[in-house]
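Observations on the three-dimensional arrangement
Listed below, chain by chain, are the residues.
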Amino acid sequence: MKQQRTGSLAAGAALLMSATHAFSASSTDNVVLYWGQNSAGSQQRLSTYCQDATTDIIPISFLTTFGAGTYDINFANACGGTPIAGSSLIACDQIAADIKTCQAAGKKILLSMGGAAGSYGFGSAASATQAADDLWNYFGGGSSSIRPFGDAQVDGFDLDIENNNPNYYPEFIAQMRSHYASQSAKTYYIAGAPQCPYPDASLATALANSYFDFLFIQFYNNYCGINTYVPGTSTNFNYGTWDNWAKTVSANKNVRLYLGVAAATGAANAGSYVSPSVMAAAAQELKKNYGSTFGGVMMWDASQAYANTPSWNGQSSLNYAQIAKAALTGSTPQSNPTTPATSSTTSTPPIALVTPTTSTTPIAVVTPTTSTTPVAVVTPPVTSTSASSGCAAPVYTVVAGDYCNLILSKTGSVFTLDGLYGANPSINSGCTNLQVGQVVVVGPVPSSCVTTTSTTVVPTTTSTPVALTTTTPAGPSPSTTTCTYTVVPGDTCNVILSKTGNQVSLDAFYKLNPAVNSGCTNLQVGQVVIVSSGSGCAAAATTTATGPTGVAAPPASTSLAGTCPVAGAGCADGSYACAGYGFAQCVFGKWVMRDCGAGTACRSAGTNNVYCDFIPQGATVACTGIQSSSTAAKLKRALPGSHRAGRRARSIHH
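Residues numbered from 1 in each chain as written. Predicted model: local features only at pLDDT ≥ 70, side-chain atom pairs only at ≥ 80, totals over all residues. Heavy atoms only, no water.

Moving on, we come to helix α10 (residues 404-411). Residues Cys404, Asn405, Leu406, Ile407 and Leu408 constitute the buried set of α10. The first or second residue beyond α10 is Gly412, which carries a positive phi of 60°. (Buried < 20%, exposed > 50% of the residue type's maximum accessible area, 1.4 Å probe, protein only. Helix = DSSP H or I, 4+ residues; strand = E, 2+ residues; numbered from the N terminus.)

Structure below.
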């Protein structure tokens, strides 16, 4: 139930947005929340997310099996129903009731098909049209004795296809739309959720031929993600490419495109999540510049969005989804429905950092005068010099609304984003912990500087006891030859190479560390990696690296190929297997490797039943996945009977 308010707040400004509103497919202010996979571990029943006007569309995920005459649904900790006779589906009575509740509040509910793990795809046009007929009868406006949601009807279907098999989706969509046309009293929709690289490998055929109402584009876990966005600047962020598709290629010239974002740091690969100021700025710019195609913001997923209440515009009472709605509409949503949500971002008083007035004066760290208890302040080492004025590294003082890419743009820095992180190790990999007044290094010390020192002092004006800790970048001095390095928060492969003196190239680093994927997205804090191919390092390259908190990482040697599934190797179509910190999916007889999210690894619940789960303290990870322990067993959330265990976000949705 929604938390009740009393007094003037209930009758006044907090009700600027009512719970019930008319849905508009052509709106530029819509918010889409995926629900069903319990990514944050705090997922509430579906109706919880329909209790205010924040959300407009909810794709419930996922229908994980289709295309071969059998169907399977997986909603993690939801749907504890009984099997339906004559099918592999189960009855989801609570979800059925909640669909009606949400629709009565003006929300559109779509059934999302596919995900990053599942056994799905079409081998012929006939199988595609048959699937459209079945799903219309099982979940849509048709009729059948097999109805997981009873007489509740979804408002359409979402294609979150991620297995690189684009065949026959045009036939599926055409057949489904023929069913839509048979019921003119209700509007049904077709949506797609492509990755941002264009054309998306899994939906390319449909994108070229079919009529979509919405595209929920995944601008995360990709080089073209929102984390590369800089206002008014040409970057890898490629919404413009999709805008061109909508105007020149799409069968529906009124299609609406959504900015898909990760709703919290744990919702996607490291570095994919962006602060609310970045998300809001991007959404507002797209709405302004691409009003004819922009539809709003999509988030993965509801549990992550509602558990994340970061500071934004001086307040921390709104969750990430509500911030998106407020940024798009200018209205203030009502407060969160009651939910045992824990913020993934901790809001702390900003630490005032005083900019040095000369190059030889070290930066002074001052705690706010309102502090009443000792505060532990950790600052990055600040390089100064004994040479003439102007010889210090250039710095920048953070102001409200700043984020890392914007700082680089403002200062004309020669640093890449990785370079900025390397020079400022106190900034996390998502650039979500910047503080107003913080001083960051935005460039290298000029080459004319010779003598350098690293100094941090506390001024005598501090009125509160301060425990001061000076930190230095992790890893050895670049001047020494070192074989291994232990990963710390914020590290990327390029940052590690920079910290360790660039002893090998990036390609050589990947060869030395086969457990690190080609995008460097599966690094684990505490993992030991090989950083040199020099003399004396051969022994290190044949040992097993130590993973985070004592967890063994995949062996850092070519022996992996003999024990783990190998990309491209032969397999039984539709099979799944663990592969340490990721898993393998067999597509058309070949293994396709997929990564689990940061802090997670593969777990097996039986033949062809694998999922990504958090790594328990003290557990080990092998090619077969997380090794069984009494602690680990308690963490698995399983559906009743023989149905699959509830998977977390990164095992299903990229």
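Having seen the model, we can carry on.
By the definition in use, this model includes 29 aromatic pairs. Site record: aromatic cluster; members linked through ring pairs are Phe23, Tyr34, Phe62, Tyr189, Phe214, Phe216, Tyr258 and Trp300. The ring of Tyr188 carries the charged tip of Lys186 above its face, separated from the ring centre by 5.3 Å. (Phe/Tyr/Trp six-rings, centres within 6.5 Å; stacked < 30°, edge-to-face > 60°. Lys NZ or Arg CZ within 6 Å of the ring centre and 35° of its normal.)

Summed over all chains, the structure comprises seven salt bridges. Measuring nitrogen to oxygen at the nearest pair gives 2.6 Å for the salt bridge that ties Arg177 to Asp213. One end of the pair, Arg177, is in helix α4 (residues 169-181); the other, Asp213, is in the loop between α5 (204-209) and β8 (214-218), and 36 residues separate them in sequence. The class of Arg177 is partly exposed, set by a relative accessible area of 21%. Using a relative accessible area of 14% as the deciding quantity, one classes Asp213 as buried. In this structure, the salt-bridge partner of Lys247 is Asp243, at a minimum N-O distance of 3.1 Å. Here Lys247 and its partner Asp243 are both found in helix α6 (residues 239-248), four residues apart, which amounts to about one turn of the helix. Of the residues examined, Lys247 reaches a relative accessible area of 46% and is grouped as partly exposed. (Salt bridge = Lys/Arg side-chain N within 4 Å of Asp/Glu carboxyl O.)

The next thing to look at is the packing of helix α7 (residues 276-289) against helix α9 (residues 320-329). Two numbers describe how α7 lies on α9: the axes approach to 9 Å, and their chain directions differ by 35°. Judged by the sense of rotation from one axis to the other, the crossing of α7 with α9 is right-handed. On the side of α7, the interface is formed by Pro276, Met279, Ala280, Ala283, Gln284 and Lys287, while α9 contributes Tyr320, Ile323, Ala324, Ala327 and Leu328. Among the residues forming the contact of α7 with α9, the class breakdown is nine nonpolar, one polar and one charged. (Axes fitted to C-alpha atoms, helices over the stretch in contact; angles between N-to-C directions. Left-handed = near helix turned anticlockwise from the far one by under 90°. Contact = heavy atoms within 4.5 Å. Nonpolar A, V, L, I, M, F, W, Y, C, P; charged D, E, K, R; others polar.)

On strand β7 (residues 189-192), burial covers both faces: Tyr189 and Ala191 on one face and Ile190 and Gly192 on the other are all buried. Direction of pairing for strand β6 (residues 156-161) relative to β7: parallel, over a ladder of four bridges. Across the sheet, residue Leu159 finds its bridge partner in β7, namely Gly192. The handedness of the β6 to β7 crossover, carried by α4, is right-handed. Taken together, the two bridges between β7 and β8 define a ladder with parallel strand orientation. For Ala191, the partnering residue across the bridge sits in β8 and is Phe214. Once the chain exits β7 it traverses α5 before rejoining the sheet at β8, and the crossover so formed is right-handed. (Pairing = 2+ DSSP bridges. Right-handed = clockwise from strand over helix to strand, strands pointing away.)

As a further point, take helix α3 (residues 125-139). Between its first and last C-alpha, α3 extends 21 Å over 15 residues, near the 21 Å set by a 1.5 Å rise per residue. Along α3, the positions that sit buried rather than exposed are Ser127, Ala128, Ala131, Ala132, Asp134, Leu135, Trp136, Tyr138 and Phe139. Buried-residue contacts for α3 involve β2 (57-66), β3 (72-73), β4 (108-115), β6 and α4. (Expected span 1.5 Å × (residues − 1).)

Here we take up the packing of α3 against α4. As a packed pair, α3 and α4 sit with axes 8 Å apart at the nearest point and diverge in direction by 35°. Judged by the twist between their axes, the crossing of α3 over α4 is right-handed. Counted together, Ala125, Ala128, Thr129, Ala131, Ala132, Asp133, Leu135 and Trp136 of α3 and Glu171, Phe172, Gln175, Met176, His179 and Tyr180 of α4 form the full contact between these two elements. Its residues assigned to classes, the contact of α3 with α4 shows nine nonpolar, three polar and two charged.

Think of a disulfide as a covalent bridge from one cysteine sulfur atom to another cysteine sulfur atom. Enumeration according to the criterion identifies four disulfides in this entry. A disulfide bridge connects Cys50 with Cys102, and the sulfur atoms are separated by 2.0 Å. Here the S-S torsion is close to 90°, and the disulfide linking Cys50 with Cys102 is therefore right-handed. Here Cys102 lies in helix α2 (residues 93-104) and Cys50 lies in the loop between β1 (30-33) and β2, a separation of 52 residues in the sequence. Its relative accessible area of 4% is what places Cys50 among the buried residues. For Cys578, the disulfide goes to Cys602, at an S-S distance of 2.1 Å. On the sign convention where negative means left-handed, the S-S torsion of about -75° between Cys578 and Cys602 marks this disulfide as left-handed. Taken as a pair, Cys578 in strand β21 (residues 576-578) and Cys602 in strand β24 (residues 600-604) lie far apart in primary sequence, 24 residues in all. (Disulfide = S-S within 2.5 Å.)

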